[in-house]
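Structure assessment
Single-letter residue listing:
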Amino acid sequence: MTSDTKGTFMCAESKKEPVAVAVESELRRGRTNVRSNVRKAPGPCEHWNDDSADFIREILDLVGDKWSVLIIGTLADGSVRYSDLADAIPGISQRMLTLTLKQLQRSGLVDRTAYAEVPPRVEYSLTALGSSLLATVLELAAWSADRHVEIRRHQHAYDTREA
């Protein structure tokens with residue numbers, strides 16, 4: 001790759017027209033300006049720098065995901081085998097269960113224990129960090145269940161107006 005005077009990179013190996021690739025720092029700087037403007041407005045965002053805001057978004061994306069909420073809630077009572085976890089969460093595919101468990105493991109919310117048995121047995125459980133999130137997750141699920149009828153009513157009214 002070579003760099004031109006405008007701060008973009010071009011593929012030297014390409015036999016076709018050079019493909020310009022935007023410099024990541026320019027993109028990041030553009031997003032940073034937007035974030036700094038958001039932080040100037042009163043509210044919770046003004047308390048966090050860009051790195052903290054990105055991390056908060058990443059974690060909220062993980063723990064706010066419907067499958068994460070259901071997995072964390074299912075693990076509330078202790079260790080659960082993979083197959084039992086899959087059975088306990090209606091509609092989740094094996095792929096999505098595996099991906100979500102790996103993301104929760106990576107963030108330190110879930111532990112995976114593999115036993116050297118035939119057939120192999122794998123159990124998942126909440127870590128101390130995952131357990132500290134449990135009350136919030138269960139509260140969110142309870143809030144959703146308690147307001148189900150009201151939310152459906154609003155959705156129906158909105159859909160009727162828009163049709």
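My aim in this report is to walk through the structure given alongside it, one point at a time. (Residues numbered from 1 in each chain as written. Predicted model: local features only at pLDDT ≥ 70, side-chain atom pairs only at ≥ 80, totals over all residues. Heavy atoms only, no water.)

Here's the deal with the overall build of the protein chain
What the protein chain contains, in helices and strands, is 7 helices and 6 strands. The order of helices and strands in the protein chain, counted from the N terminus, is β-β-β-α-α-α-β-α-α-β-β-α-α. For the protein chain, the proportion of its 163 residues judged to be buried stands at 21%. For the protein chain, the share of sequence-separated contacts (at least 6 apart) that also reach a separation of at least 24 residues comes to 35%. For the protein chain, the accessible area works out to roughly 12000 Å², and carbon and sulfur atoms hold 56% of it. (Helix = DSSP H or I, 4+ residues; strand = E, 2+ residues; numbered from the N terminus. Buried < 20%, exposed > 50% of the residue type's maximum accessible area, 1.4 Å probe, protein only. Contact = heavy atoms within 4.5 Å. Areas by Shrake-Rupley, 256 points an atom, 1.4 Å probe, with all protein chains shown as cover.)

Structural notes on the packing of aromatic side chains
Each aromatic ring pair is summarised here by two numbers: the centre-to-centre distance and the angle between the ring planes. With the rule as written, the count across this model stands at 1 aromatic pair. Seen in terms of ring centroids, Tyr82 and Tyr124 are 6.4 Å apart; in terms of plane orientation they differ by 55 degrees. Their pairing is tilted. Residue Tyr82 is located in helix α4 (residues 82-88), and its partner Tyr124 is located in strand β6 (residues 121-126); the two are separated by 42 residues in the primary sequence. Like Tyr82, the residue Tyr124 is buried in the burial classification. Here the basic side chain of Arg121 rests over the ring of Tyr115, its NZ or CZ set 3.8 Å away from the ring centre. (Phe/Tyr/Trp six-rings, centres within 6.5 Å; stacked < 30°, edge-to-face > 60°. Lys NZ or Arg CZ within 6 Å of the ring centre and 35° of its normal.)

Here's the deal with the sheet that holds strand β5 (residues 110-115)
If you trace the 3 strands from one edge of the open sheet to the other, you get β4-β6-β5, paired in antiparallel fashion. Each edge of the sheet is formed by a strand with only one pairing partner; in this case those strands are β4 (80-81) and β5. Both β5 and β6 contribute to a ladder of 6 bridges, which runs antiparallel. Residue Ala114 lies in a different strand from β6, and its bridge partner there is Val122. (Pairing = 2+ DSSP bridges.)

Considerations on the packing of helix α3 (residues 66-74) against helix α5 (residues 94-106)
Between two packed helices, both the angle of their axes relative to each other and the distance between the axes serve to describe the pair. Closest axis-to-axis distance for the α3/α5 pair is 10 Å, and the angle between their directions is 75 degrees. The angle between the axes of α3 and α5 places the two elements in the roughly perpendicular class. Here α3 contributes Trp67, Ser68, Ile71 and Ile72 to the contact with α5, which in turn contributes Met96, Leu97, Thr100, Leu101 and Leu104. Here the residues of the contact of α3 with α5 are counted per class, giving 7 nonpolar, 2 polar and no charged. (Axes fitted to C-alpha atoms, helices over the stretch in contact; angles between N-to-C directions. Parallel < 35°, antiparallel > 145°, perpendicular 65-115°, else oblique. Nonpolar A, V, L, I, M, F, W, Y, C, P; charged D, E, K, R; others polar.)

Some words on the pattern of salt bridges
When charged atoms on two side chains of opposite charge get close, those side chains can pair. Following the criterion strictly, the structure yields 3 salt bridges and no others. A salt bridge links Glu58 to Arg106, with the shortest nitrogen-to-oxygen separation between them at 4.0 Å. Of this pair, Glu58 sits in helix α2 (residues 50-63) while Arg106 sits in helix α5, and the two are 48 residues apart along the sequence. Under the relative-accessibility criterion, Glu58 is labelled partly exposed at 42%. As a salt-bridge pair, Arg121 and Glu123 come within 2.9 Å of each other at their nearest N and O atoms. Here Arg121 and Glu123 have matching classes, each one buried. (Salt bridge = Lys/Arg side-chain N within 4 Å of Asp/Glu carboxyl O.)

Focus: α5
In a regular helix each residue adds 1.5 Å, so 13 residues correspond to 18 Å; α5 covers 18 Å between its end C-alpha atoms and thus fits that length. Looking only at α5, the buried set comprises Leu97, Thr100, Leu101 and Leu104. Taken around the axis of α5, the buried residues stretch over an arc of 100 degrees, which confines them to a single face. Exposed residues on α5 whose side chains face more than 90 degrees from its buried face are Arg95, Lys102 and Arg106. Where the residues of α5 are buried, they touch α2, α3, α4, β5 and β6. Positive phi shows up at Gly108, right after α5, with a value of about 80 degrees. (Expected span 1.5 Å × (residues − 1). Arc of directions from axis to C-beta.)

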